[in-house]
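# Chain and residue survey
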Amino acid sequence: AGIINFCANNYLGLSSHPEVIRAAVEALEKFGAGLSSVRFICGTQSIHKDLEEKIARFHQREDAILYASCFDANAGIFEALLTPEDAVLSDELNHASIIDGIRLCKANKYRYKHMDMQDLEAKLQEAQKHRLRLVATDGAFSMDGDIAPLREICQLAQKYDALVFIDECHATGFLGPNGRGTDELLGVMDKVTIINSTLGKALGGAAGGYTTGPKPLIDLLRQRSRPYLFSNSLPPAVVGCASKALDLLMESNAIAQSMAAKTQRFRSKMTAAGFTISGKDHPICPVMLGDARLASVMAEDMLNRGIYVIGFSYPVVPKGKARIRVQISAVHSDEDIDRCVEAFTEVGRKHGAL
């Protein structure tokens, strides 16, 4: 029956959607392969401006700016926004790109325990001496499939006069009633100041990232964000497919809504089989195994049974917390999910994981 991919970030299946592919081909034919330039020289076409406007509308924000990747968006925002008089408060399990972006800035750095609101409050109290405070967190954490407590974070930010930044790479397109992300899911869209996300996962799966938020911030980034200023603009084909992906999401929330039932099916069946699945209600479903070698050999045996998954171990995850990270997609059928669970059960018994 072939091999089924259960480890891609293609949450909505849009990377192989015929309309998305057609939009990329049309953009390639009309606008060329690339612009051989950065945006502020001769690298801006109408499609780039249209996509930025569409991203801002999708997130219900004032403006947006495109990058070559969300890694670049995260690398470009903290240095441009924060000065030595400011402070940034970061969840200890934030994505590497957030960590690297924070390292580049000269702000005072505070790291709070993972999703620990008591520790965040203590750090916010300590940071009151600084001019501006920015709380930075992943919306959904990619290794564990858990979702940041944004309601509580926003309440603390309001109490201590701080801004909130979220990285939505593993949320945009499928979390929330209309797929707008964790801020929509948790009802705090009007309280999150800055959103960074990607076009390379749910929104077409090709490449690209962006920042969306207040227009003065976006204007500042266009003047000072180094990855934006010194990287070629996104190729037209990438812009075309991402733009069509957003069109499909804004026309109907059916694809985004389909994810919840599929995710619940996999999580409940795996738990019933005896596995420990990290996180909650997220299509990232880490099958916790502990031992690095066990994760590796089980992943190999899964592939032999037609299920493509990858084992994760140190240094990608902490020592003793090796896992196989399964990612559910809207294009997985119920039969695909059941086949995956059956393969896990067979392999788990074979290697003593159950």
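All values derive from a computational prediction rather than experimental measurement.

## Some details on the nonpolar core
Grouped together as the largest cluster of nonpolar side chains are 32 residues, with contacts concentrated most on Leu12, Leu51, Ile55, Leu66, Phe174, Leu199 and Leu203. Only helix 1 (18–31), helix 2 (46–59), strand 2 (63–67) and helix 10 (236–251) provide two or more residues apiece to this core. Considering every element that reaches this core, the biggest residue donor is helix 10, with eight residues. Residue contributions to this core reach at least three from each of two domains, namely domain 1 (16–251) and domain 2 (253–351). Those residues in contact with leucine 51 that lie beyond four places of it in its chain are Leu66, Leu199, Val239, Ala242, Ser243 and Leu246.

## Here we look at the sheet that holds strand 7 (residues 194–198)
Here we have seven strands laid out as an open sheet, ordered 2-8-7-6-5-3-4, and mixed in their pairing. Both outer strands of the open sheet, strand 2 and strand 4 (108–112), are each paired with one neighbouring strand and no more. Averaged over all neighbouring strand pairs, the angle between strand axes comes to 20 degrees, with direction disregarded. Across the sheet, helix 3 (residues 70–81) lies against strand 2, strand 3 (87–91), strand 5 (133–138), strand 6 (163–167), strand 7 and strand 8 (209–213), angled at about 155 degrees from strand 7, the strand it touches most.

## Some thoughts on the layout of surface pockets
Approximately 660 Å³ is the volume attributed to the largest pocket. As for the largest pocket, its lining consists of 29 residues, and the residues nearest its centre are Glu92, Leu93, Asn94, His95 and Ile99. Counting only elements with at least two residues in the lining of the largest pocket, the list comes to strand 3, helix 4 (96–104) and strand 4. The residue makeup of the lining of the largest pocket includes at least three contributed by each of domain 1 (16–251) and domain 2 (253–351).

## Here we look at the UniProt feature "domain: Aminotransferase class I/classII large" (unreviewed entry) in the protein
Feature annotation in UniProt places "domain: Aminotransferase class I/classII large" (unreviewed entry) on residues 3–344, given in this structure's numbering. With 43% helix and 16% strand, residues 3–344 has end C-alpha atoms that lie 14 Å from one another.

## As for the packing of aromatic side chains
What the rule picks out here adds up to four aromatic pairs. The ring of tyrosine 314 is capped by lysine 319, whose NZ or CZ atom sits 4.9 Å from the centre of that ring.

## Digging into the pattern of salt bridges
Evaluated as defined, the whole model comprises 19 salt bridges. The residue lysine 350 makes a salt bridge to aspartate 301 at a minimum N-O spacing of 2.8 Å. You can see lysine 350 sitting in helix 13 (residues 334–350) and its partner aspartate 301 sitting in helix 12 (residues 292–304), a full 49 residues away along the chain. Linked by salt bridges that have partners in common, Arg265, Lys269, Asp334 and Asp338 make up one network.

## Quick word on empty space enclosed by the protein
Rolled over the atoms, a probe as big as a water molecule pinpoints where empty space is left. Under the defined criterion, the tally for this structure stands at one cavity of 30 Å³ or more. Approximately 80 Å³ is the volume found for the largest cavity. Residue lining of the largest cavity: Arg39, His48, Leu66, Tyr67, Ala68, Pro227, Tyr228, Ser231, Asn232, Ser233 and Leu234, and that is the complete set. Where the lining of the largest cavity is concerned, the elements lending two or more residues are strand 2 and helix 9 (226–229). Looking at the lining of the largest cavity residue by residue, the class counts come to six nonpolar, four polar and one charged.

## What about the domain arrangement of the protein?
By domain assignment, the protein separates into domain 1 (16–251) and domain 2 (253–351). Between domain 1 and domain 2, the contact holds 17 residues from the first and 18 residues from the second. When domain 1 packs against domain 2, the two sides together hide about 1300 Å² of surface, and 58% of this comes from carbon and sulfur. The interface formed by domain 1 and domain 2 holds one salt bridge in total. Counting across the interface, domain 1 meets domain 2 through nine residue pairs in polar contact (both at pLDDT 80 or more). A class-by-class count of the residues in the side of domain 1 that touches domain 2 yields eight nonpolar, seven polar and two charged.

## Things to note about the sheet that holds strand 12 (residues 322–327)
As summarised here, the arrangement of the three strands in space is 9-12-11, forming an open sheet in which the pairing is antiparallel. Across the chains shown, the open sheet's two edge strands, defined by having one partner strand only, are strand 9 (284–290) and strand 11 (310–312). Averaged over all pairs of adjacent strands, the angle between strand axes in this sheet comes to 30 degrees, irrespective of strand direction. Contacts from helix 11 (residues 254–273) reach strand 9 and strand 12, with the element oriented near 20 degrees to strand 9.

## Focus on the pairing of strand 6
Of all the five residues making up strand 6, four are buried; the element is thus mostly covered by neighbouring parts of the structure. Across five bridges, strand 5 lies against strand 6 in parallel orientation. In the sheet register, threonine 137 faces strand 6, and the bridge partner there is isoleucine 166. A crossover connection joins strand 5 to the parallel strand 6 through helix 6 (residues 150–159); in handedness this β-α-β unit is right-handed. As paired elements, strand 6 and strand 7 share three bridges and run parallel to each other. Bridging from a neighbouring strand, phenylalanine 165 pairs with isoleucine 194 of strand 7.

Rules used throughout
- Residues numbered from 1 in each chain as written.
- Predicted model: local features only at pLDDT ≥ 70, side-chain atom pairs only at ≥ 80, totals over all residues.
- Heavy atoms only, no water.
- Core = buried A, V, L, I, M, F, W, Y, C linked by side-chain atoms within 4.5 Å.
- Buried < 20%, exposed > 50% of the residue type's maximum accessible area, 1.4 Å probe, protein only.
- Helix = DSSP H or I, 4+ residues; strand = E, 2+ residues; numbered from the N terminus.
- Domains from an automatic or database assignment.
- Contact = heavy atoms within 4.5 Å.
- Pairing = 2+ DSSP bridges.
- Axes fitted to C-alpha atoms, helices over the stretch in contact; angles between N-to-C directions.
- 1 Å grid on protein atoms, 1.4 Å probe; cavity = no way out; pocket = protein on both sides within 12 Å on 5 of 7 lines; lining within 4 Å.
- Points joined across faces, edges and corners; volume = space filled by probe spheres on them.
- UniProt positions renumbered as here; feature names shortened; annotations may be inferred.
- Phe/Tyr/Trp six-rings, centres within 6.5 Å; stacked < 30°, edge-to-face > 60°.
- Lys NZ or Arg CZ within 6 Å of the ring centre and 35° of its normal.
- Salt bridge = Lys/Arg side-chain N within 4 Å of Asp/Glu carboxyl O.
- Nonpolar A, V, L, I, M, F, W, Y, C, P; charged D, E, K, R; others polar.
- Buried area = accessible area lost by both parts, 1.4 Å probe.
- Polar contact = N/O pair within 3.5 Å; in protein donor to acceptor, adjacent residues only side chain to side chain.
- Right-handed = clockwise from strand over helix to strand, strands pointing away.

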